[in-house]
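# Geometric and topological summary
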Amino acid sequence: MSPRRRRSFLALATATAASLAGCSTGSTPGNDPGTEPPTDLPTTAPSGELVDDWQFDPADIGQGEGAGSKGGSGGANVTYTAQTSAGNSVGLAAGGAKDVNNFRQNVEEGFLPLPSDMPYEGLFYDYYFDTGDAGGCDSLFCPRYAPAVSADPLSGETERYLSVGLNSGLDADDFERKRLNFVVVLDVSGSMSSPFDEYHYDGDDGEDTDDSRPKIEVARDALAALTEQLRPGDRFGVVLYNTQATVAKPLNPVETTDMDAIRDHIEADIEAGGGTDLSAGLDEASALFDAVEDSDPTVYENRMAVLTDAMPNLGDTSEEGLQGRLDREAERGVHSTFVGVGVDFNTEIIDAITSVRGANHYSVHSADEFEQRLTDGFQYMVTPLVFDLSLELDADGYEIETVYGSSAAEESTGEVMHVNTLFAADREGGETRGGVVLAKLEQTGASGSLQLRASWENREGETGETTATVAFPDGGPEQFGNTGVRKAVLLTRYADLCRNWAVAMRQDDGEPPADGIAPAEYDDLGRWERRSTDLTVSPEYADRFASFAEYFRDEMADIGDESLERELAVLERLADASVTTRRLGRSRRS
């Protein structure tokens, strides 16, 4: 770890030994996310001697005798923990993607993104939403609904939406993550040796840069940042994979482990090379969890975090096969987080295989940004609270046309909306980070009230249910139940426009659909070994981006959220692009 990053960690190291020991928190009836954490967590090894149980030899997976490049991650002797916002309740957010960093990074570097680089739930998680009045909520999950009537800004057609505010009665002071059985699965294949902002499989067409760090260094930084979030009572293991996989560190208690030594090994021993057998890495991680399968599920959360650029080319590389593995792990209580590294991170495969119970995924835009996100949200990343949410719509005059913000959106049409998982999420000033799922409704008959029944399970398999009645507002063409649904509609239209553009530049000759803004339809556009496509914007889409940017600016002002400026900047960049290839980031070097 660089001296600057060590100083950053030191500035964040405010947790005392008592807090690291996992002090018990109280619980409120109906709000309990699990059994109260035990108060007798050990803080050191029984003998007082910490164990360096790193067992990786680079020759084990064909990396040769030499060590990897130095200077990426480090062993600063500090620890910090994520903190909830004092005095607030905890909100909820859907599983799946947790950002759209890969979309923004591709545009910045002058590459054409894939539509899967812009997941709706990932875009929502970048913002806070008014999720309705949570007063009187004494349950783990308390949905609040807000209707909207709004005209498509390009076609003028009137559309109807319904947002589901993902509220919880769980107070932040009562929220504490469980102990973790935590296994990191690190991709050390050859593609991880390429620069962070280049496409590895471009071959000789890539850029020769002096200022871009290899993806493996960024991944080592991310792994070091993850280890800083662990505390006594957790167990931690590491699996490395390329052409084959090996256990670099067994799944052992943190309090008996010399974590400084482990971070030193991460920095010194890991380099990139070889093929990419993701399935082998998942197999080794699964075997580590076999040893702790008797852990009390009310005390321990089981999670594996896969750090990868997601371009498998060996073993089982099929979407169905990899998703099936994650499904089987989820069935036995082992959930998955994927952390994508690099501009060529293949969101298409990861977005598909993480649409399972308890899964989520992130894109690392920079190691510093990822470390900061962990500072504020590690316990949210590893704490699913609600499973198998189903929302049934009973209304003669309406049907669910499309659902945005759920990784199970394809299952959500007609009368039922599904969300596989809701994670704990930060809540500030009455707004929840990523705290909405949005349904676009089709009016099929006379307007009337909507009868809504939501049902779900908690982590212990106990079920809950609520019912509500909602009516669409009367009045002018632009009516919003609150700013939360208004922001969700704005961001959904923005995402649809960007996704349609990404498809059109590849297979529709740059022609936009004639009926305004609609969800993009496409077959698989990427390859697991993802190659770049230069960023291009047709004249038709340049005009659309310019027109939509005006609408976006006006809506941003009415909503009162200046953080939306980053999306407006993307729109303005795309609107200014010419019909020919235009590199909007740094220029290529031959």
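Read on for a plain summary of the structure. (Residues numbered from 1 in each chain as written. Predicted model: local features only at pLDDT ≥ 70, side-chain atom pairs only at ≥ 80, totals over all residues. Heavy atoms only, no water.)

### Comments concerning the sheet that holds strand β19 (residues 463-470)
Within the open sheet, the five strands sit side by side as β1-β14-β12-β18-β19. Their pairing is antiparallel. If you trace the sheet from one side to the other, it starts and ends with β1 (91-94) and β19, each paired once. Across the sheet, the mean angle from the axis of one strand to that of its neighbour is 30°, orientation sign disregarded. (Pairing = 2+ DSSP bridges. Helix = DSSP H or I, 4+ residues; strand = E, 2+ residues; numbered from the N terminus. Axes fitted to C-alpha atoms, helices over the stretch in contact; angles between N-to-C directions.)

### A few points about helix α6 (residues 259-269)
The element α6 is extensively covered by neighbouring structure, given that eight of its eleven residues are classed as buried. Within α6 the residues assigned to the buried category are Met-259, Ala-261, Ile-262, Arg-263, His-265, Ile-266, Glu-267 and Asp-269. Tucked inside the fold, the buried residues of α6 contact α5 (215-227), β7 (235-241) and β8 (245-253). (Buried < 20%, exposed > 50% of the residue type's maximum accessible area, 1.4 Å probe, protein only. Contact = heavy atoms within 4.5 Å.)

### Some thoughts on the packing of aromatic side chains
Per the stated rule, a full pass over the model turns up 14 aromatic pairs. Pairing Phe-175 with Tyr-380 gives two aromatic rings, centres 5.8 Å apart and planes at 15°, and the pair type is stacked. Taken together, the positions of Phe-175 in the loop between β5 (158-167) and β6 (179-187) and Tyr-380 in helix α10 (residues 367-381) put the pair 205 residues apart, joining distant regions of the chain. Residue class for Phe-175 comes out buried when judged on its relative accessible area of 3%. Through a chain of ring-to-ring contacts, three or more aromatic side chains come together here, namely Phe-103, Trp-501, Tyr-541 and Phe-545. Sitting over the ring of Tyr-125, Lys-98 keeps its end group 4.3 Å from the ring centre. A cation sits over an aromatic face here: Lys-487 above Phe-129, 5.4 Å from the ring centre. (Phe/Tyr/Trp six-rings, centres within 6.5 Å; stacked < 30°, edge-to-face > 60°. Lys NZ or Arg CZ within 6 Å of the ring centre and 35° of its normal.)

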